[in-house]
Amino acid sequence: MNTTIEIIIAATLAIAAACSVHYAGDRVVGLVSFLRHARGNVEPRRLLPWWLRLPLPLALPLAARLGPLLPSPARAGVQHALRRAGIDEELSPQQFLAVCAVLAAVVALAVTMF
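Residues numbered from 1 in each chain as written. Predicted model: local features only at pLDDT ≥ 70, side-chain atom pairs only at ≥ 80, totals over all residues. Heavy atoms only, no water.

Right, let's get into the packing of helix 3 (residues 56–66) against helix 5 (residues 93–113). Viewed as axis vectors pointing N to C, helix 3 and helix 5 meet at an angle of 120°, and their least axial separation amounts to 8 Å. By the angle between their directions, the pair helix 3 and helix 5 is classed as oblique. Once helix 3 is placed against helix 5, the crossing between them reads as right-handed. Residues Leu56, Leu58, Ala59, Leu60, Leu62, Ala63 and Leu66 of helix 3 form the contact with helix 5, whose participating residues are Gln94, Gln95, Leu97, Ala98, Val99, Ala101 and Val102. For the contact of helix 3 with helix 5, the per-class residue count stands at twelve nonpolar, two polar and no charged. (Axes fitted to C-alpha atoms, helices over the stretch in contact; angles between N-to-C directions. Helix = DSSP H or I, 4+ residues; strand = E, 2+ residues; numbered from the N terminus. Parallel < 35°, antiparallel > 145°, perpendicular 65-115°, else oblique. Left-handed = near helix turned anticlockwise from the far one by under 90°. Contact = heavy atoms within 4.5 Å. Nonpolar A, V, L, I, M, F, W, Y, C, P; charged D, E, K, R; others polar.)

Right under this line is the structure:
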């Protein structure tokens, strides 16, 4: 019985973390843009902060499967936000959403462990 409750709590936290990342996605892109301009970092291939580069290898297979399922208005919105941040050449919309999903899963896992 306790295991069932733990699974329900973990699933609820994962959904909540995914929703938080979804709604905060535009703010994350804005933060990346702000950090890039604050540091004067114009070096190609190093525009993404480490916390977005780290989950990228886990997110790439998910992005490949997520691509066909992503509606075009959502893809266009994420692409516009990435373009405003200046990282549209670094990440595709599918990759950005997959990174957000991986980060949400990691946060949910960390919360349920403690």
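Summarising the model, the protein shows a mean pLDDT of 75, and 64% of its residues fall at 70 or more. Element-level pLDDT for the protein is lowest in helix 1 (residues 2–39), with a mean of 64, against a maximum mean of 87 in helix 3. (pLDDT = per-residue confidence, 0-100.)

Quick look at the nonpolar core now. Membership of the largest hydrophobic core comes to 15 residues, with the highest contact counts inside it found for Leu48, Ala59, Leu82, Ile87, Leu91, Phe96 and Val99. Counting residues per element, the ones that place at least two in this core are helix 3, helix 4 (72–85) and helix 5. For this core, the leading source of residues is helix 5, giving five residues. (Core = buried A, V, L, I, M, F, W, Y, C linked by side-chain atoms within 4.5 Å. Buried < 20%, exposed > 50% of the residue type's maximum accessible area, 1.4 Å probe, protein only.)

In this fold, leucine 48 is placed in the loop between helix 1 and helix 2 (50–53). Spatially, the C-alpha atom of leucine 48 lies 7.4 Å from that of isoleucine 87, the residues being 39 residues apart in sequence. Sequence-distant contacts of leucine 48, defined by excluding residues within four places in its chain, comprise Arg53, Ile87, Glu90 and Leu91.

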